[in-house]
Amino acid sequence: WGDDSAKSTKSLRSVSILKLRKILENIDRVEVLFNANKYSIAFSNDIYCDYVVCLQLLKNKIKDKGEFEQFYAIISKGEIFKGESFNWLDDYKTYICNKIVDILSRYIGQYSIEKDSDMIIQIADHILLNDPSNEEALIYKIKTLIYQNNPKSARYAYDRFCSLFLEMYGESYPKVFEAIVEEKLKI
């Protein structure tokens, strides 16, 4: 509503809130509230919202592998705010993406390459989705693909990473593929 007048914006907002309330009235125990000049949505305890659960897990700090797997099940559905680009949302989106990368990076090493190689690759891919220049995720992915006897996919992942790195930083990625393959990894 940025280009509209204040009166037009207020009218559009009221219509949008009314439409949202009509949609939500069909769902028991979900309300749109207005308090202290802010709108919020209130859920009763028996309503499940993965976004709210994800925020609670981030706020309370994930304490064990079980909570991590609950968190991962939520975020693995896709990129947070995919395709959304608003100035007011950018800082929040960056904050959430950074928190996701921090948690994924902390837990990826708790999986065994022998038992959980697919999970390691999935976590590495999700880290790279949120942080395309994350070297640790690249190394985990390459090492795991090599372990799975999939060197072509490992090389493809490396080449794709190098292209993105060059595009982002204007310089070539300094490690060669063979050095990564030979490097020791804490898996």
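Counting starts from 1 at the beginning of each chain's written sequence and moves along it residue by residue. Given that the model is predicted, a residue must reach a pLDDT of at least 70 before its local features are reported, and side-chain atom pairs must reach 80 or more before they are shown or counted; all residues, however, enter totals for whole chains, interfaces and linings. Each side-chain value is worked out from all heavy atoms of the structure, with water and hydrogens disregarded.

Turning our eyes to something else, we now look at the overall build of the chain. Going along the chain from the N terminus, every DSSP run of H or I of four or more residues is numbered as a helix, and every run of E of two or more is numbered as a strand. In terms of regular secondary structure, the chain is built from 8 helices and 2 strands. Within these notes, the globule rule equals 2.2 Å times the number of residues to the 0.38 power, and the radius of gyration is based on C-alpha atoms. Expected size for 187 residues packed as a compact globule is a radius of gyration near 16 Å; at 21 Å, the chain overshoots this value by more than 25%. If you line up the chain on its principal axes, its C-alpha atoms span 65 × 40 × 25 Å. Relative accessibility decides the category of a residue: with a 1.4 Å probe and only protein chains considered, values under 20% of the type maximum give buried, values over 50% give exposed, and everything between is partly exposed. A buried classification covers 32% of the 187 residues belonging to the chain. Sequence separation of at least 24 residues holds for 47% of the intrachain contacts in the chain that already meet a minimum separation of 6. Measuring between centres, the 26 positive side-chain charges of the chain sit 5 Å from its 28 negative side-chain charges. The contact criterion used is simple: two residues touch if any of their non-hydrogen atoms lie within 4.5 Å. Counting rule applied: Lys, Arg positive; Asp, Glu negative; His and chain ends not counted. Positions of charges follow a simple convention, taking NZ of Lys, CZ of Arg, CG of Asp or CD of Glu.

Further remarks concern the nonpolar core. We define the nonpolar core as a collection of buried residues of types Ala, Val, Leu, Ile, Met, Phe, Trp, Tyr and Cys that are connected through side-chain atoms lying within 4.5 Å of one another. Ranked by internal contacts, the top residues of the largest apolar core, which has 42 residues, are Phe68, Phe71, Leu104, Ile123, Tyr158 and Tyr173. Those elements giving two or more residues to this core turn out to be α2 (50-60), α3 (65-75), α4 (87-108), α5 (117-130), α6 (135-147), α7 (151-169) and α8 (177-182).

A pair of Phe, Tyr and Trp rings is counted when the ring centres sit within 6.5 Å of each other, with Trp represented by its six-membered ring. The angle between the planes then sorts it: under 30 degrees is stacked, over 60 is edge-to-face, the rest tilted. Taken as a whole and judged by the stated rule, the model has 10 aromatic pairs. Aromatic side chains phenylalanine 68 and tyrosine 72 sit 6.1 Å apart centroid to centroid with 25° between the ring planes, which places their arrangement in the stacked category. Within this pair, phenylalanine 68 and its partner tyrosine 72 are both found in helix α3, separated by 4 residues, close to a single helical turn. Exposure remark for tyrosine 72: the relative accessible area of 8% places this residue in the buried category. Consider the rings of phenylalanine 68 and tyrosine 111, whose centres lie 6.2 Å apart with planes at 55°: the pair is tilted.

In the sections that follow, a salt bridge refers to a side-chain nitrogen of Lys or Arg positioned within 4 Å of a carboxyl oxygen of Asp or Glu. Under the defined criterion, the tally for this structure stands at 5 salt bridges. Here aspartate 159 makes a salt bridge to arginine 155, at a shortest N to O gap of 3.2 Å. In this pair, aspartate 159 and arginine 155 both sit in helix α7, 4 residues apart, roughly one turn of the helix. Residues joined in a network through salt bridges with shared partners are Arg155, Asp159 and Glu178.

Moving on to the pairing of strand β2 (residues 38-43). One bridge is not enough; two strands pair if DSSP finds at least two bridges between them. Looking at chain direction, strand β1 (residues 30-35) and β2 are connected through 6 bridges and run antiparallel. Along β2, the bridge assignment pairs leucine 33 with serine 40. Following β1, the chain reverses through 2 residues before pairing antiparallel with β2; alanine 36 in that reversal takes a positive phi of roughly 55°.

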